[in-house]
Amino acid sequence: SLRLPELEEVWSACAGNPTLTDVASLAKGLDYCGHPPDGSTTYSEQRFSGAHPGFVRLSRGLQLHELPNVYWMNLDASVVASARSGTTFGTPQVLLNYARVSRGPWRLKALIDKQGHPVTSRFIPVRPTDFSYSIEILWALLNSPVANAYAYSHLGKRDNIVGDIRKIPFPKKRSFDGVDRAAKAYLAAASSGMSSANLERLLLRVDSEVLKLYSLPLDLEQRVLGLFSDWKREGVPFSQVRYLPPALEGKLHLSEFLQFEDNWPVTNRERGKLIDKNISGEMSAEERIRLNSLQAYADYHIQKVSPRPTHLLDELEKQILGSPEKGRGR
């Protein structure tokens, strides 16, 4: 992909960050023997003697707040060719898909399994080893545009190879309260059947809180978010195909856009105060950057709420330029 070299600058900026393997253990789930001894059952939709409830496959339409269908799994060593991380149960975990869920950049689908089920090799169980990370925080980070962009950039058409997934960069900052609150709010709302428009807003808030922790410069954040333009997000009950309106791409951080959208009167008052400071010559460099962001959003907001009647002006121009008097010269 021609986009991949651009993202190398993003990963260079994250080179000193911790990675997923620094904060969690992960490996593929179990593989069963190709020919179980004595015709033993490996898994079934029906309960059988000695079986444990677990997850065998990831259905295509599964959403990020859901879990796969439960199967009854045989965990006896006689039928398991390779246990890896798949026979453990009772430990809370995030389940990551092993096969990519789309051909585009949205290739990860992380699910929360608080009970901790055994799983097959179609899943990668991710279990926190650093308890600064709740299950919800891991869920938010692995479903974020940064994690998806990293997997897409480094794995291309391949499956989610565990060795590469371990290297996903995580934020340096250690306070994840904003991410934790936003993730829990989305998960609760999605489980309650909230409207799709509100759910989209809540998940944008999750991604915004994650991006704030990475502290990427505006141009690098835009390169990450731009990767997802015109690609439908997987695992959500709404159609998200971009992060920012085209008019604002490259001009605002996602967190700024959401903040400005929340309350236009407050946003506009802040803009007015900064304009006054600019006129008086008392504006700092940081305030100037902030004013530029506010002004970009103000232009977008005004055009959205009360667009200028440019079509009327175009029509008037045609009438003037096309009039006989205009051609005679006066």
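Analysis parameters
Residues numbered from 1 in each chain as written. Predicted model: local features only at pLDDT ≥ 70, side-chain atom pairs only at ≥ 80, totals over all residues. Heavy atoms only, no water. Helix = DSSP H or I, 4+ residues; strand = E, 2+ residues; numbered from the N terminus. Buried < 20%, exposed > 50% of the residue type's maximum accessible area, 1.4 Å probe, protein only. Areas by Shrake-Rupley, 256 points an atom, 1.4 Å probe, with all protein chains shown as cover. Lys, Arg positive; Asp, Glu negative; His and termini not counted. Charge placed at Lys NZ, Arg CZ, Asp CG, Glu CD. 1 Å grid on protein atoms, 1.4 Å probe; cavity = no way out; pocket = protein on both sides within 12 Å on 5 of 7 lines; lining within 4 Å. Points joined across faces, edges and corners; volume = space filled by probe spheres on them. Nonpolar A, V, L, I, M, F, W, Y, C, P; charged D, E, K, R; others polar. Core = buried A, V, L, I, M, F, W, Y, C linked by side-chain atoms within 4.5 Å. Contact = heavy atoms within 4.5 Å. Expected span 1.5 Å × (residues − 1). Phe/Tyr/Trp six-rings, centres within 6.5 Å; stacked < 30°, edge-to-face > 60°. Lys NZ or Arg CZ within 6 Å of the ring centre and 35° of its normal. Salt bridge = Lys/Arg side-chain N within 4 Å of Asp/Glu carboxyl O. Pairing = 2+ DSSP bridges. pLDDT = per-residue confidence, 0-100. Axes fitted to C-alpha atoms, helices over the stretch in contact; angles between N-to-C directions. Parallel < 35°, antiparallel > 145°, perpendicular 65-115°, else oblique. Left-handed = near helix turned anticlockwise from the far one by under 90°.

A few points about the overall build of the chain
Counting secondary structure elements, the chain contains 13 helices and 9 strands. Along the three orthogonal principal directions, the C-alpha set of the chain runs to about 105 × 50 × 40 Å. Here the chain holds 330 residues, and the buried ones make up 45% of them. With the model as given, the accessible surface of the chain reaches about 16600 Å², and the carbon-plus-sulfur share is 51%. Charge centroids of the chain, computed over 42 positive and 37 negative side chains, lie 2 Å from each other.

Things to note about the layout of surface pockets
Approximately 290 Å³ is the volume found for the largest pocket. Partitioned by chemical class, the residues of the lining of the largest pocket number 4 nonpolar, 3 polar and 7 charged.

Some words on the nonpolar core
In terms of nonpolar packing, the biggest core is built from 76 residues, with Leu20, Val126, Trp139 and Phe170 touching the most fellow members. Aside from chain neighbours lying at most four places away, what touches leucine 20 is Leu26, Val126, Leu138, Leu142, Ile165, Arg166, Ile168 and Phe170.

Here we look at helix H11 (residues 285-305)
End to end, H11 covers 30 Å across 21 residues, agreeing with the expected 30 Å (1.5 Å per residue, within 8%). For H11, the full list of buried residues reads Arg290, Leu291, Ser293, Leu294, Ala296, Tyr297, Ala298, Tyr300 and His301.

Some details on helix H4 (residues 145-155)
The element H4 is largely enclosed, with a buried count of 10 among its 11 residues. Inspection of H4 places Pro145, Val146, Ala147, Asn148, Ala149, Tyr150, Ala151, Tyr152, Ser153 and Leu155 among the buried residues, and these make up the whole buried set. The first or second residue beyond H4 is glycine 156, which carries a positive phi of 55°.

Some details on the packing of aromatic side chains
The tally for this structure, following the rule as stated, stands at 14 aromatic pairs. Taking the centre distance of 4.3 Å and the plane angle of 40° together, the rings of tryptophan 106 and phenylalanine 228 count as tilted. With a gap of 122 residues between them, tryptophan 106 in the loop between strand S7 (93-97) and strand S8 (110-113) and phenylalanine 228 in the loop between helix H8 (218-226) and helix H9 (254-262) connect regions that are remote in the sequence. An identical accessibility class is assigned to tryptophan 106 and phenylalanine 228; each is buried. Following the ring pairs from residue to residue traces out a cluster consisting of Phe257, Phe260, Trp264, Tyr297 and Tyr300. Over the aromatic face of tyrosine 98 sits the side chain of lysine 28, whose NZ or CZ is 4.1 Å from the ring centroid.

With respect to the pattern of salt bridges
Inspection of the entire model under this criterion finds 15 salt bridges. The residue arginine 242 makes a salt bridge to glutamate 249 at a minimum N-O spacing of 2.9 Å. Under the relative-accessibility criterion, arginine 242 is labelled partly exposed at 25%. One connected set of salt bridges, linked through shared partners, spans Arg201, Arg205 and Asp262.

Points about empty space enclosed by the protein
This model, assessed by the stated rule, comprises 1 cavity of 30 Å³ or more. For the largest cavity, the calculated volume is near 30 Å³. Taken together, Gln222, Leu225, Gly226, Ser229, Arg242, Tyr243, Leu244 and Glu249 make up the full set of residues lining the largest cavity. In the lining of the largest cavity, the residues fall into 3 nonpolar, 3 polar and 2 charged.

Here's the deal with the sheet that holds strand S5 (residues 70-73)
Spatial ordering of the open sheet is given by S3-S5-S4, a layout of 3 strands whose pairing is antiparallel. Of all strands in the sheet, those bounded by a partner on one side alone are strand S3 (43-44) and strand S4 (52-55). Where S4 lies against S5, 4 bridges are found, and the strand directions are antiparallel. Of the residues in S5, the one forming a bridge with phenylalanine 55 is valine 70.

Thoughts on the environment of arginine 174
The topology assignment puts arginine 174 in the loop between helix H5 (162-165) and helix H6 (177-192). Given a relative accessible area of 44%, arginine 174 falls into the partly exposed group. Note: C-alpha distance between arginine 174 and serine 132 (42 residues apart in sequence) is 7.3 Å. Residue contacts for arginine 174: discarding those within four places in its chain leaves Asp130, Ser132 and Tyr133.

Side note on the confidence of the model for the chain
When the pLDDT values of the chain are averaged, the result is 91; 92% of them are 70 or greater. Per-residue pLDDT stays below 50 along residues 1-5; that stretch engages in 5 contacts with residues further than four places along the chain or on separate chains. Every residue in residues 325-330 scores below 50 in pLDDT, and together they form 3 contacts with partners more than four places removed in sequence or on other chains.

Comments concerning the packing of helix H7 (residues 196-214) against H9
Running from amino to carboxyl end, H7 crosses H9 at an angle of 135°, the nearest separation of the two axes being 8 Å. Put simply, H7 runs oblique to H9. In this structure, H7 meets H9 at a crossing whose hand is left-handed. Contacts between H7 and H9 pair Arg201, Leu204, Arg205, Asp207, Ser208, Leu211 and Lys212 from the former with Leu254, Ser255, Leu258, Glu261 and Asp262 from the latter.

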